[in-house]
Amino acid sequence: MEKPVEQVTRSDSELSKETCEAKLGKRVKGTLVLRVDATIPEIAKIQVAASVIQEGGTVAFPTETVYGLGADALNAKAVKKLFEAKRRPADNPIIVHVAGKEYVYQLARDVPKVAERLIALFWPGPLTLVLKRSKQVPDITVVGLDTIAIRMPRNKVALALLNKSGTPIAAPSANLAGKPSPTTAQHVIEDLAGRIDVVLDAGPTEIGVESTVINMTSDPPEILRPGGTSCEKLMEVLGRVKVHPLVRAEKRISLAQAVSPGMKHKHYAPEAEMIVVEGTLDKVIKKVQQLAETHATEGKKIGILATDESIFNYQADVVRSLGSRQNSSMLAKNLFELLRQFDKEKVDVIIAEGISLVGLGLAVMNRLRKASGFNIIRV
Ligand code: AMP
Ligand code: MG
């Protein structure tokens, strides 16, 4: 059991910064890790993290989607540290997180009415809006684009950090570029300990895939990345909405088609080679088992990413279920953790079943197809 968190008292404020931090958390390779209560975040810990943001440092924190790696979005030097810590390609812009709707007008200009409607309905929550950018935002945050991606998260720890910091926080996912996104603080530590200042650990994230990104500068608005807010919900509100071809991620697209810079980059990839098998379930099961056997005869260690409905059909070195096909939210929640588990088990090949594109299934399939490098077999 963890010791109960001590509230900061008057005498604490007289202690040196180091002593105060040592009372609150532990260090891993120099990175300060603070356990935070997910429902009532301890003010003392949030204050330590907020000070780091204000001083231009980097803080990993939970959001309802995945863990983000934050820095003051208005401080170019701080944002540069983010890019370096993650080894993020310099042409991939970062989502700016805000504590409230009012920040949108500081960061963006010409905000269309329809964007305000989405904000009213979906914020705080897993929906990122791409808007025209204001001059206040440093070039590096948006990699020189004329647009900015903004969202208000609903996670209590994220909101507490945003409020205490008093500034918008630029935050990509808190993983090394190209790796599966982090859904626990342990994932963040695996990738980034020693490379960032603080990790706020409030346990596993609620949704498990990133936010939906929608471009509000085009008419109709265009979904650039599927995520925690389903396309169906957005359709209901918007009526008309374009869906970028890469959202389905059925095949690699040409660079010219990549309207969102992130679309160009390798993503979510485990160390192992990955194959996605799609089609009707009975055919998928047959093909997955057949591929597992073929690769096993080559001496490879095989991992199968199955579902509750199919898992009992398989024999391989490591067989895991994402959850029930009836519950796309559960599939999304487990996805990145399982991809990381296969790496820990050192499998050579991961064979994953395709799932339905309904609800969060679209976001899951986007991640699986990209993680496989579009190594997709249709049966
Ligand atoms: P992440 O690195 O997981 O936070 O992903 C952020 C996503 O938002 C990436 O796919 C970015 O390319 C995309 N994004 C951020 N800013 C913009 C922008 N101004 N226009 C289009 N896409 C953006
Ligand atoms: Mg990311």
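Residues numbered from 1 in each chain as written. Chains lettered and ligands numbered in written order. Predicted model: local features only at pLDDT ≥ 70, side-chain atom pairs only at ≥ 80, totals over all residues. Heavy atoms only, no water.

1. Observations concerning helix α7 (residues 156-165)
Those residues of α7 not exposed but buried are V157, A158, L159, L161, L162 and S165. Residues of α7 that are buried sit in contact with α3 (43-54), β3 (59-62), β5 (96-97), β9 (169-170) and β10 (198-201). Sitting at the amino-terminal end of α7 is N155, which places a side-chain oxygen 2.8 Å from the backbone nitrogen of V157. Immediately downstream of α7, the backbone of G166 shows phi near 70 degrees, a positive value. (Buried < 20%, exposed > 50% of the residue type's maximum accessible area, 1.4 Å probe, protein only. Helix = DSSP H or I, 4+ residues; strand = E, 2+ residues; numbered from the N terminus. Contact = heavy atoms within 4.5 Å. Polar contact = N/O pair within 3.5 Å; in protein donor to acceptor, adjacent residues only side chain to side chain.)

2. A closer look at the environment of S356
Relative to the helices and strands, S356 is located in the loop between β17 (349-353) and α13 (361-371). Between the C-alpha atoms of S356 and G279, which are 77 residues apart in sequence, the distance is 9.4 Å. Apart from residues lying up to four places away in sequence, S356 is in contact with G361 and L362. A polar contact of 3.1 Å, which involves the side chain of S356, links it to the backbone nitrogen of V358.

3. Topic: the sheet that holds strand β15 (residues 302-306)
Strands in a sheet are paired, the pairing made by backbone hydrogen bonds, and the direction either parallel or antiparallel. Strand order in the open sheet made by the 5 strands is β16-β15-β17-β14-β18, with parallel pairing throughout. Edge positions in the sheet fall to β16 (318-321) and β18 (376-378), since each has one partner strand and no second. Averaged over all pairs of adjacent strands, the angle between strand axes in this sheet comes to 20 degrees, irrespective of strand direction. Two strands pair when backbone bridges link them, and strand β14 (residues 273-278) and β17 are joined in this way by 5 bridges, in the parallel orientation. Pairing of E273 across the sheet is with V349, part of β17. Contacts from helix α12 (residues 328-344) reach β14, β15, β16 and β17 within the one sheet, and its direction differs from that of β15 by about 170 degrees. (Pairing = 2+ DSSP bridges. Axes fitted to C-alpha atoms, helices over the stretch in contact; angles between N-to-C directions.)

4. Details of the confidence of the model for the protein chain
Considering every residue of the protein chain, the mean pLDDT works out to 93; 92% of them sit at 70 or more. Taken as a whole, residues 1-12 scores under 50 in pLDDT and shows 9 contacts with residues more than four places along the chain or in a different chain. (pLDDT = per-residue confidence, 0-100.)

5. Quick look at the packing of α12 against α13
The interhelical angle for the contact between α12 and α13, taken along N-to-C directions, is 25 degrees, at an axis separation of 8 Å. With respect to their mutual orientation, α12 and α13 come out roughly parallel. Seen from above, α12 lies across α13 with left-handed handedness. Note on element contacts: α13 touches α12 through G361, V364, R367, L368 and A371, opposite S328, L331, A332, L335, F336 and L339. (Parallel < 35°, antiparallel > 145°, perpendicular 65-115°, else oblique. Left-handed = near helix turned anticlockwise from the far one by under 90°.)

6. Considering unusual backbone geometry
Between W123 and P124 the backbone carries a cis peptide bond, its omega angle lying at -10 degrees. Here P124 shows up in the loop between α6 (113-122) and β7 (127-133). The residue after D219, namely P220, is reached through a cis peptide bond having omega -5 degrees. One can find P220 in the loop between β11 (212-215) and β12 (222-225). Even without glycine at this site, D110 takes up a positive phi of about 50 degrees.

7. Remarks on the pattern of salt bridges
Think of it this way: side chains of opposite charge can pair up when their charged atoms draw near. Taken as a whole and judged by the stated rule, the model has 20 salt bridges. Between E298 and K300 there is a salt bridge whose closest N-O contact spans 3.4 Å. Relative accessible area serves as the criterion here: at 28%, K300 is assigned to the partly exposed category. In this structure, the salt-bridge partner of R325 is E353, at a minimum N-O distance of 2.8 Å. Pair noted here: R325 is in the loop between β16 and α12 and E353 is in strand β17, with a separation of 28 residues, a long-range link. (Salt bridge = Lys/Arg side-chain N within 4 Å of Asp/Glu carboxyl O.)

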